[in-house]
Amino acid sequence: MDLTELRWRFELGVAAPLRHPPGTPPRLRNAAVLLAFQAGSNGVELLLTQRPHHLKAHPGQVSFPGGKQEPQDQSLLDTALREAYEEIGLAPTNVEILGTLPQHHTITGFNIMPVVGIVQQPFRAILDPGEVSALFTVPLTFLLQQNNRHVMQVQRRQQSHPVTFIPYGNRLIWGATAAIIDTFCAIVGSDTQRITKRK
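Below is a summary of the structure that appears in this document.

1. With respect to the packing of helix 1 (residues 3–12) against helix 4 (residues 175–188)
So, step 1. Between helix 1 and helix 4, the least distance of the axes is 8 Å, while the angle of their chain directions is 90°. As summarised for this structure, helix 1 and helix 4 are arranged roughly perpendicular, according to the angle between their axes. Residue-level contacts link Leu-6, Arg-9 and Phe-10 of helix 1 to Phe-184, Ile-187 and Val-188 of helix 4.
So, step 2. Considered class by class, the residues forming the contact of helix 1 with helix 4 number five nonpolar, no polar and one charged.

Written out as structure tokens, the structure is:
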């Protein structure tokens, strides 16, 4: 799959339009993340970050560039692009926005809007050491393989919650990040016949 086919597959999927989520329960805090894809040596690759171990929230976890919506953000799209620039130095003008995925509500109280985009030109990553300890990529072909994505039931506060896990090399992608990847793969990995005809 190349970036052109990625655009087609996403277009044929069930992505939501760019907008503020209506009717979000007030107890949930709005946040946005950027699923940034680029052309690399392994085809289409997804950019992911690893959080420093000194952070109080989710130390050492793999995540997307992103974070909480701030007052200066006019939309959750602005939040995703601002956070990507602050965390890894990816300029908003260097991202072609394809759309968004369905909102993801976390058990920790966040309503996350996943924004999907393509990095248009190679860029020099500048990491914010307070937010990011490493930037790496995962081939989309790896993520699209269903047997690389695992779901387990985890008990939290006497309730069972499905948690997605994606082992990759010496890293483990899990939680909201893995669940959002799973949703994305369900969208772009479907309707292959219509995509073939369109080509």
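2. A word on the pattern of salt bridges
So, step 1. Tallied over the full model, the rule gives six salt bridges.
So, step 2. A salt bridge links Glu-96 to Arg-7; its shortest N-O distance comes to 2.8 Å. Taken as a pair, Glu-96 in strand 5 (residues 95–100) and Arg-7 in helix 1 lie far apart in primary sequence, 89 residues in all.
So, step 3. Arg-7 gets classed as partly exposed once you look at its relative accessible area, which sits at 28%.
So, step 4. A salt bridge links Arg-82 to Asp-73; the nearest nitrogen and oxygen atoms lie 2.8 Å apart. Neither Arg-82 nor Asp-73 differs from the other in exposure class; each is buried.

The rules we used
Residues numbered from 1 in each chain as written. Predicted model: local features only at pLDDT ≥ 70, side-chain atom pairs only at ≥ 80, totals over all residues. Heavy atoms only, no water. Axes fitted to C-alpha atoms, helices over the stretch in contact; angles between N-to-C directions. Helix = DSSP H or I, 4+ residues; strand = E, 2+ residues; numbered from the N terminus. Parallel < 35°, antiparallel > 145°, perpendicular 65-115°, else oblique. Contact = heavy atoms within 4.5 Å. Nonpolar A, V, L, I, M, F, W, Y, C, P; charged D, E, K, R; others polar. Salt bridge = Lys/Arg side-chain N within 4 Å of Asp/Glu carboxyl O. Buried < 20%, exposed > 50% of the residue type's maximum accessible area, 1.4 Å probe, protein only.

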